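Structure assessment
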Amino acid sequence: MTTLKQTPLYPLHLELGAKMVPFAGYQMPVRYPNGTLHEHLHCRNHAGFFDISHMGQCLILGDSAAGELEILTPSDITGLAFFQQRYTVLTNDNGGIIDDIIVTRLPSGLMVIVNAACRDKDFKHFKTHLSDHCHFKEMADQALFALQGPAAVTVMQKFSAAATHLSFMHACEDGIDGIHCTISRSGYTGEDGFEISVANEQADHLARLLLAEETVEPIGLGARDSLRLEAGLCLYGHELNESITPVEAGLRWLIKKGHDQFPGAGRILAQLQQGTEKSRVGLLVESKIPIREGCIITDETDDAIGHVTSGGFSPSLGRPIAMAMLHNPAPGTNHALYARVRDHQLPVKVTELPFIPHRYRR
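This structure is a prediction, so every number in the text was calculated from the model and none was measured.

Moving on to the overall build of the protein chain. Each helix and strand in the protein chain was counted, giving nine helices and 20 strands. Its C-alpha radius of gyration of 21 Å places the protein chain within 12% of the 21 Å reference for a compact globule of 362 residues. Here the C-alpha coordinates of the protein chain stretch approximately 65 × 50 × 45 Å along the principal axes. Across the 362 residues that make up the protein chain, the buried fraction comes to 56%. Put simply, of all contacts in the protein chain between residues at least 6 apart along the chain, 65% involve residues at least 24 apart. Accessible area of the protein chain: about 15900 Å², with a carbon and sulfur share of 51%. The average position of the 31 basic charges and that of the 41 acidic charges among the side chains of the protein chain differ by 3 Å.

Dropping the structure here:
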């Protein structure tokens, strides 16, 4: 058996009473004593602290870094200003998604954050495809936190004036209590908030500093997922994988106009013009029973038309919700659809995404 890794905050999670579970090769907190429902609503109403140090962080340095990464993604990387960020995907030769990533333009090159479960293949992908004009460096000595929720900016005002002046998807370098950090106004909850990259040896001190604030509570993987689902955001391995294209996943907005030099461009650009055979949709469940990943969605004639990619209970809405990949043409909101759950056919309704409006600071 592979030994599970620990983030620098592992002892703190235990001190806070977290239930730890295996996740992407790490021991991670799934919930704390107050429970997932409490954590979710606290983040929506106040501020939540997330340890996301299991995510992969790396640097791609050199004058050609932006141009070379742009050739591996459908997005505009060369057009980023210094300290501007972009959410994008790495694509394979068939247009499928290798991973979704966050790119930050730096004066020295790029900082890239990748999903924990994809880190090894992503880093190998970079090393294989980037030229000798770029220098790839894994940031194994850095931890990563997220501070999310409407009170996050008030908390951050105490520690970094520069960070509070950022707009969504922009970053800065600043000191917090004498600790050097790279801070971005970003996150994956749909709330305003920040992500903070900090040296491992300073991680515990910074985490305790933020958690000492009255409005801040720690958030585990359970609430992290329900917050992400309410925000209608894709999760790799669910809405995204190597057989799903960005167009099918509803991410056509990240494709740079006129860009045709990335892997799988032929298929992806054809889908932009001609449409797709399947697409991601939101579902409201007309029942108290949640529907989960893999659940089959049928039409009124009981024909299978797709499957659930993510599903669960929405604490904010007080009802089950889901995202699904459905065959096109995807049924509209007035069509009768059903989810097969054991011996039940639960009525579901297609709805616009996100389920909860985003509150980013534009």
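Take the pattern of salt bridges next. Opposite charge on two side chains allows them to pair when their charged atoms are near. Taken as a whole and judged by the stated rule, the model has 15 salt bridges. Lysine 256 serves as the salt-bridge partner of aspartate 76, at 3.7 Å between the closest nitrogen and oxygen. You can see aspartate 76 sitting in the loop between α3 (65-70) and β6 (85-91) and its partner lysine 256 sitting in the loop between α8 (221-230) and α9 (265-274), a full 180 residues away along the chain. Residue class for aspartate 76 comes out partly exposed when judged on its relative accessible area of 24%. Since its relative accessible area comes to 26%, lysine 256 is described here as partly exposed. When the shortest N-O distance is used, the salt bridge between glutamate 239 and arginine 228 registers 3.1 Å.

Our focus in this paragraph is the sheet that holds strand β17 (residues 304-314). Reading around the circumference, β15-β18-β17-β16-β19-β20 is the order of the six strands in this closed barrel, with antiparallel pairing throughout. Neighbour to neighbour, the strand axes of the sheet diverge by 45 degrees on average, direction disregarded. With two bridges connecting them, strand β16 (residues 296-298) and strand β19 (residues 337-341) associate as antiparallel partners. Paired with isoleucine 297 across the strands is alanine 339, a residue of β19.

Rules of the game
Residues numbered from 1 in each chain as written. Predicted model: local features only at pLDDT ≥ 70, side-chain atom pairs only at ≥ 80, totals over all residues. Heavy atoms only, no water. Helix = DSSP H or I, 4+ residues; strand = E, 2+ residues; numbered from the N terminus. Rg over C-alpha atoms; globule rule 2.2 N^0.38 Å. Buried < 20%, exposed > 50% of the residue type's maximum accessible area, 1.4 Å probe, protein only. Contact = heavy atoms within 4.5 Å. Areas by Shrake-Rupley, 256 points an atom, 1.4 Å probe, with all protein chains shown as cover. Lys, Arg positive; Asp, Glu negative; His and termini not counted. Charge placed at Lys NZ, Arg CZ, Asp CG, Glu CD. Salt bridge = Lys/Arg side-chain N within 4 Å of Asp/Glu carboxyl O. Pairing = 2+ DSSP bridges. Axes fitted to C-alpha atoms, helices over the stretch in contact; angles between N-to-C directions.

What is shown is where atoms sit, not what they do.
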